[in-house]
Amino acid sequence: MRVSSIIGIFAGTFALIATACDQRALPVSRFATVEETYALTASWPTFAQGIDKGADAKLDILFMVDNSNSMAPLQRKFAASFAAFTGVIEALPGGTPDLHIGVVSSDVGAGATGAPGCNSTGGDQGRLQVQPKVPGCSPPSDSYLALHTDPATGAVVTNYGPQPLSNAFACIAPLGDTGCGLEHQLASVRLALDPQFEQNPGFLRPDAYLAVIMLTNEDDCSAPNDSQIFNTDSKYLSDPLGPLTSFRCNYVGHICNDGNKSGPPSLTKAGTLTSCHSAEDGRLDKVSDFVSFLKGLKSDPARVFFAAVTGPATPYEVALTGTPNNDDPASRWTEVGHSCTTADGTYADPSVRITEAVTAFGTHGLLASICGDSMAPALHDISTSLIGPMQASCVFVPPGGPGCTVVDRWADNIGQPQAARLKSCADAGGIPPCWHLDDDAACGTARKHLVVDRGDAVVPAHLFTAVQCSVEVP
């Protein structure tokens, strides 16, 4: 029996019913397209049903490590906590996936003009950083760390020698703090992964999961290569962009509410701002474009995971802290306050644009605070989330809930996306393909194991099953 290619999930639309007495919008249903089905199920829990599990799975992980001023102690804390990240992945049932792990910086220069501490030639341009800045470390034989299990012998093969993966990562992750202070975190990731730039050949594999993880204590300030917004000619409050400080990124990159007024943060007024979001007007790279790019690298939403260890987007406090401005000795300019601090003196500012980008990935994204004595809890949570599709199909089922909706997603033999809704085995009279829920010690007491009976069907190699048990889908 083969898996059906018929889409059995409905997309909601609305029809306006007019009568002589009233007009009411009534919901109607229609069959969804494959694209609609993928979009609808993109944020559902998703599990691999084909070969994408254990040692058969491939996983490419790109870390974007902010290398601007103040980041060195946070980088050291990050590297020291990395074993909490790798431990989860290495403990996957069936073995550690075939791994590629790379590191890029946040330094992509500062537009067409450059700026103090930033050049106009693109900085590191999203190239993988592999030369250790830690004494006594040796680089791997590639521009990234690689690990896989030899299928014939079962031996683990690496390109960094016999040391633990966490130690190898601790050698290449600390990038220092001399990079551009106008961080281009999103642009660096795009440069690193976009096939048109071919910056890092061999790192990104078409049949691998992709995880992108950011470590940064400031928000993204990615701008087009020809941008003039970092021009040092604008240096006074009377100039269009005000003084060239890191607050310029807030001024051109954020829209916030200040009382009843919405707009960019003021260059001259202190206060608490609310509901801040990305200014998608083109002066900075659009967050929505980055999200579309990253999601578009893979054929299925379950294959892309995006996380950030950064500053919370709130509170967003603006204070008059700048020194007197040369064109008006009595004037002072604004700076954004830290949204979190740690007892050791480390801190982070509101990451509005980065938060917006991560949130767009739903259950395939995770935000964690960079402020804390250790980053181990954050890294553990991130690795636990990103391996979700590779784990046992454990589903939380609310007591007395409406039931579950289960959808298969896969690509056919010419790479075209396909989707099909599965009936429960109770509704299908036990005729496969159908699904049921079982108790399973691996899922604990709060969750059930999703089991799909496919009879004698050949399961597509990269098939994913998405499930939603909290809201019934018609």
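What counts, and at which threshold
- Residues numbered from 1 in each chain as written.
- Predicted model: local features only at pLDDT ≥ 70, side-chain atom pairs only at ≥ 80, totals over all residues.
- Heavy atoms only, no water.
- Salt bridge = Lys/Arg side-chain N within 4 Å of Asp/Glu carboxyl O.
- Helix = DSSP H or I, 4+ residues; strand = E, 2+ residues; numbered from the N terminus.
- Buried < 20%, exposed > 50% of the residue type's maximum accessible area, 1.4 Å probe, protein only.
- 1 Å grid on protein atoms, 1.4 Å probe; cavity = no way out; pocket = protein on both sides within 12 Å on 5 of 7 lines; lining within 4 Å.
- Points joined across faces, edges and corners; volume = space filled by probe spheres on them.
- Nonpolar A, V, L, I, M, F, W, Y, C, P; charged D, E, K, R; others polar.
- Core = buried A, V, L, I, M, F, W, Y, C linked by side-chain atoms within 4.5 Å.
- Contact = heavy atoms within 4.5 Å.
- Disulfide = S-S within 2.5 Å.
- Pairing = 2+ DSSP bridges.
- Axes fitted to C-alpha atoms, helices over the stretch in contact; angles between N-to-C directions.
- Polar contact = N/O pair within 3.5 Å; in protein donor to acceptor, adjacent residues only side chain to side chain.
- Arc of directions from axis to C-beta.
- Parallel < 35°, antiparallel > 145°, perpendicular 65-115°, else oblique.
- Left-handed = near helix turned anticlockwise from the far one by under 90°.

## Focus on the pattern of salt bridges
In a structure, side chains of opposite charge can pair up when their charged atoms sit close to one another.
Point 1. According to the stated counting rule, one finds 12 salt bridges in the structure shown.
Point 2. One salt bridge connects Asp-98 with Arg-205, and the closest N-O pair in it is separated by 2.8 Å. Here Asp-98 is found in strand E5 (residues 98-105), whereas its partner Arg-205 is found in the loop between helix H5 (185-193) and strand E8 (209-215), with 107 residues between them in sequence. Of the two residues, Asp-98 and Arg-205, both sit in the buried class.
Point 3. Residues Asp-194 and Arg-190 are paired through a salt bridge, measuring 3.7 Å at the closest nitrogen-oxygen approach.
Point 4. Judged by relative accessible area, which is 31%, Arg-190 ranks as partly exposed.
Point 5. Ionic contacts of the salt-bridge type, sharing partners, join the residues Asp-60, Asp-98 and Arg-205 into one network.

## Description of empty space enclosed by the protein
Point 1. With the rule as written, the count across this model stands at 2 cavities of 30 Å³ or more.
Point 2. When its volume is computed, the largest cavity comes out at roughly 120 Å³.
Point 3. The computed volume of the second largest cavity comes to approximately 40 Å³.
Point 4. Taken together, Leu-59, Tyr-209, Leu-210, Ala-302, Arg-303, Val-304, Phe-305, His-364, Leu-386 and Pro-389 form the lining of the second largest cavity.
Point 5. Taken together, the elements giving at least two residues each to the lining of the second largest cavity come down to E8 and strand E12 (304-310).
Point 6. Grouping the constituent residues of the lining of the second largest cavity by class yields 8 nonpolar, 1 polar and 1 charged.

## Brief notes about the nonpolar core
Point 1. Counting residues in each nonpolar core, the largest one holds 49 residues, and the members touching the most others are Ile-61, Phe-63, Phe-85 and Ile-370.
Point 2. Sort the elements by how many residues they give to this core and helix H4 (residues 165-172) lands first, with 5 residues.
Point 3. Excluding residues that lie within four positions of it along the chain, Phe-85 makes contacts with Ile-61, Phe-63, Ile-213, Leu-379, Ile-382, Ser-383 and Leu-386.
Point 4. Listed in part, the 26 residues of the second largest apolar core include Met-64, Tyr-144, Val-189 and Met-214.

## Notes on the state of the cysteines
Point 1. Using the criterion set out here, one finds 8 disulfides in the structure.
Point 2. A sulfur-sulfur distance of 2.1 Å marks the disulfide that ties Cys-118 to Cys-180. Residues Cys-118 and Cys-180 are joined through a disulfide that is right-handed, its torsion about the S-S bond being 85°. On the criterion of sequence distance, the pair formed by Cys-118 in the loop between E5 and strand E6 (145-149) and Cys-180 in the loop between H4 and H5 is long-range, its members being 62 residues apart.
Point 3. Exposure remark for Cys-118: the relative accessible area of 10% places this residue in the buried category.
Point 4. Among the residues examined, Cys-180 registers a relative accessible area of 0% and is labelled buried.
Point 5. Each disulfide pairs two cysteine sulfurs, and for Cys-137 the partner residue is Cys-171, the sulfurs being separated by 2.1 Å. Judged by the sign of its S-S torsion, about -65°, the cystine formed by Cys-137 and Cys-171 is left-handed. Pair noted here: Cys-137 is in the loop between E5 and E6 and Cys-171 is in helix H4, with a separation of 34 residues, a long-range link.
Point 6. Judged by its relative accessible area of 9%, Cys-171 falls in the buried class.

## A word on the sheet that holds strand E11 (residues 271-278)
Point 1. One open sheet accounts for 5 strands, arranged E10-E9-E11-E13-E14; its pairing is antiparallel. Lying at the two open borders of the sheet, with one neighbouring strand each, are strand E10 (261-263) and strand E14 (334-336). Each strand of the sheet is rotated relative to its neighbour by a mean of 35°, with strand direction disregarded.
Point 2. Here strand E9 (residues 254-258) pairs with E10 via 3 bridges, running antiparallel.

## Here's the deal with the sheet that holds strand E23 (residues 464-468)
Point 1. Read across the open sheet, the 7 strands follow the order E3-E23-E19-E20-E21-E22-E18; overall the sheet is mixed. Edge positions in the sheet fall to strand E3 (46-48) and strand E18 (394-396), since each has one partner strand and no second. Neighbour-to-neighbour, the strand axes of this sheet turn through a mean angle of 35°, independent of strand direction.
Point 2. Pairing of strand E19 (residues 405-411) with strand E20 (residues 417-424) involves 6 bridges; the strand directions are antiparallel. Pairing of Ala-411 across the sheet is with Pro-417, part of E20.
Point 3. Each of E3, E19, E20 and E23 touches helix H1 (residues 34-41); the most contacted strand, E20, lies at about 65° to it.

## Looking at the environment of Tyr-209
Point 1. Structurally, the position occupied by Tyr-209 is in strand E8.
Point 2. Put simply, Tyr-209 and Phe-305 are 96 residues apart on the chain and 8.1 Å apart in space, counted from C-alpha to C-alpha.
Point 3. At 3.1 Å, the side chain of Tyr-209 and the backbone oxygen of Asp-52 are in polar contact.

## Notes on the side chain of Lys-77
Point 1. Of note, Lys-77 is situated in helix H2 (residues 72-80).
Point 2. If sequence neighbours within four positions are ignored, Lys-77 has contacts with Thr-342, Asp-344, Thr-346, Gly-372, Asp-373, Ser-374 and Met-375.

## Comments concerning helix H7 (residues 287-296)
Point 1. Of the residues making up H7, those classed as buried are Val-287, Phe-290, Val-291, Phe-293 and Leu-294. The buried residues of H7 occupy one face: seen down the axis, they fall within an arc of 165°. In H7, the exposed residues that point more than 90 degrees away from the buried face are Ser-292 and Gly-296.
Point 2. Residues of H7 that are buried sit in contact with H5, E8, E11, E12 and helix H8 (352-359).

## Comments concerning the packing of helix H3 (residues 82-90) against H4
Point 1. Where H3 meets H4, the axes come as close as 9 Å, and the angle between the chain directions of the two elements is 140°. If you check the angle between H3 and H4, you find them oblique. Where H3 crosses over H4, the two elements pack in a sense that is right-handed. Contact residues: H3 offers Phe-82, Ala-83, Thr-86 and Glu-90, while H4 offers Leu-165, Ser-166 and Phe-169.
Point 2. Counted by class, the contact of H3 with H4 contains 4 nonpolar, 2 polar and 1 charged residues.

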